[in-house]
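# Summary of structural features
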Amino acid sequence: MKEDCPPSSHVPISDSKSILKSELLSLLKTYNCYHEGRSFQLRHREEEGALVIEGLLNIAWGLRRPIRLQIQDDRERVHLSSASWTPGQPGCPLKEPLLQDGRVPAQEPRTQTAPRAKSSRDSTEPLEEDEETPQLMRTKSDAACVIQRRPRARAPGEAQRIRRHRFSINGHFYNHKTSVFTPAYGSVTNVRVNSTMTTVHVLTLLLNKFRVENGPSEFALYIVHESGERTKLKDCEYPLISRILHGPCEKIARIFLMEADLGEEVPHDVAQYIKFEMPVLDSFVEKLKEEEEREIIKLTMKFQALRLTMLQRLEQLVEAK
């Protein structure tokens, strides 16, 4: 990897590092072979001599605090009166046969008022309360169990309009009662990105996809290795390039979304001790303490010898005068 400004034969990894284009293409070929026949294969093209790679990037949720979903602007309350229903329309409460001249046969008042009153009452309810979650997976800190609700039947056009521009997090669509929640730790989502998007751009894209109200400055992306090593992606780095460099297997390395103030980098030297049992770690600590005590004794004896030498020299100088 080159540290200075990359020429056309190089692809930037960050604002100060780059990799040979040929080397990256070789890694990309391996990446696509691993995902052969799946939608996670990446495509590449040349734009003015620069290599651009694009495709889906998996990101796992690793949040400890709840997030807040935005209220969708185009989701307005719908008020439909019973007079607006016409026979034969989807969702019409009444569908009656027509006579030969096109007239509707007369009915008893009681047979019409009850369904119309129910239709009017249902249509005036806010859509936010109708937005039920088929299966809402939340962390134990938010709910002690899985909340399952049965969605109410609605016309296909109405359901499509409600779901428009609104992706779900583990099956969770916006609901004013559950708009603040914590995604299940380790659950995976994905966004379509390219190799020119920095960490900040990818964060913004992910939060906009799910209409998360929290700003991108509150979060950070981390590369978490199977060994426990954790590295924070800098704002100037390119997550898709980092994914290719760490290989396609997510059992070895995954990209996590975490809080910027709660996430902590774990170097390789520390990560190698994480999976040890507590008795083993305690023995390591004891050995380190013993080694520390030996070093303290050595340094103390060294400085005592130097002090004694300095005092003897001072006495010699005084006697010489």
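The model shown is predicted, which means the values in this text are computed figures rather than measured ones.

## Looking at a negative patch on the surface
- Negative charge collects at one region of the surface, where D282, E286, E290, E292 and E293 lie side by side.
- Looking at the element boundaries, E292 is found in helix α8 (residues 278-320).

## Side note on unusual backbone geometry
- Within the chain, E48 stands out as a residue other than glycine whose phi angle is a positive 55°.
- Turning to its location among the elements, E48 is positioned in the loop between β3 (43-47) and β4 (50-61).
- Residue E48 is classed as exposed on the basis of its relative accessible area, which comes to 86%.

## So, the nonpolar core
- Counting residues in each nonpolar core, the largest one holds 36 residues, and the members touching the most others are L24, I53, I59, L221 and L257.
- Contributions of two or more residues to this core are made by α1 (21-34), β4, β9 (188-194), α5 (199-209), β10 (219-225), α6 (239-245) and β12 (253-259).
- In this view, L221 contacts I59, T199, V202, L203, T231, K232, L233, P239, I255, F256 and L257; residues no more than four positions away in its chain are not counted.
- Y222, V224, F256 and M258 belong to the second largest nonpolar core, which has six residues in total.

## Notes on the pattern of salt bridges
- Tallied over the full model, the rule gives six salt bridges.
- The closest approach of N and O atoms between D261 and R65, which form a salt bridge, is 2.9 Å. Of this pair, D261 sits in the loop between β12 and α7 (268-271) while R65 sits in the loop between β4 and β5 (67-68), and the two are 196 residues apart along the sequence.
- Given a relative accessible area of 54%, D261 falls into the exposed group.
- For E213, the salt bridge goes to R68, with nearest N and O atoms at 3.7 Å. Highlighted residues: E213 in the loop between α5 and β10 and R68 in strand β5, separated in sequence by 145 residues.
- Under the relative-accessibility criterion, R68 is labelled partly exposed at 39%.

## Concerning the side chain of N194
- Within the secondary structure, N194 is located in strand β9.
- According to the relative accessible area criterion, N194 is buried, its value standing at 15%.
- In terms of polar contacts, N194 uses its side chain to reach the side chain of T196, at 2.4 Å.
- Once you skip the residues sitting within four places of it in the chain, N194 turns out to touch V52, I53, E54 and L240.

About the criteria used
- Residues numbered from 1 in each chain as written.
- Predicted model: local features only at pLDDT ≥ 70, side-chain atom pairs only at ≥ 80, totals over all residues.
- Heavy atoms only, no water.
- Patch = residues over 30% accessible without salt bridge, like charges linked within 9 Å, V, L, I, M, F, W, Y side chains within 5 Å.
- Areas by Shrake-Rupley, 256 points an atom, 1.4 Å probe, with all protein chains shown as cover.
- Salt bridge = Lys/Arg side-chain N within 4 Å of Asp/Glu carboxyl O.
- Lys, Arg positive; Asp, Glu negative; His and termini not counted.
- Charge placed at Lys NZ, Arg CZ, Asp CG, Glu CD.
- Helix = DSSP H or I, 4+ residues; strand = E, 2+ residues; numbered from the N terminus.
- Buried < 20%, exposed > 50% of the residue type's maximum accessible area, 1.4 Å probe, protein only.
- Core = buried A, V, L, I, M, F, W, Y, C linked by side-chain atoms within 4.5 Å.
- Contact = heavy atoms within 4.5 Å.
- Polar contact = N/O pair within 3.5 Å; in protein donor to acceptor, adjacent residues only side chain to side chain.

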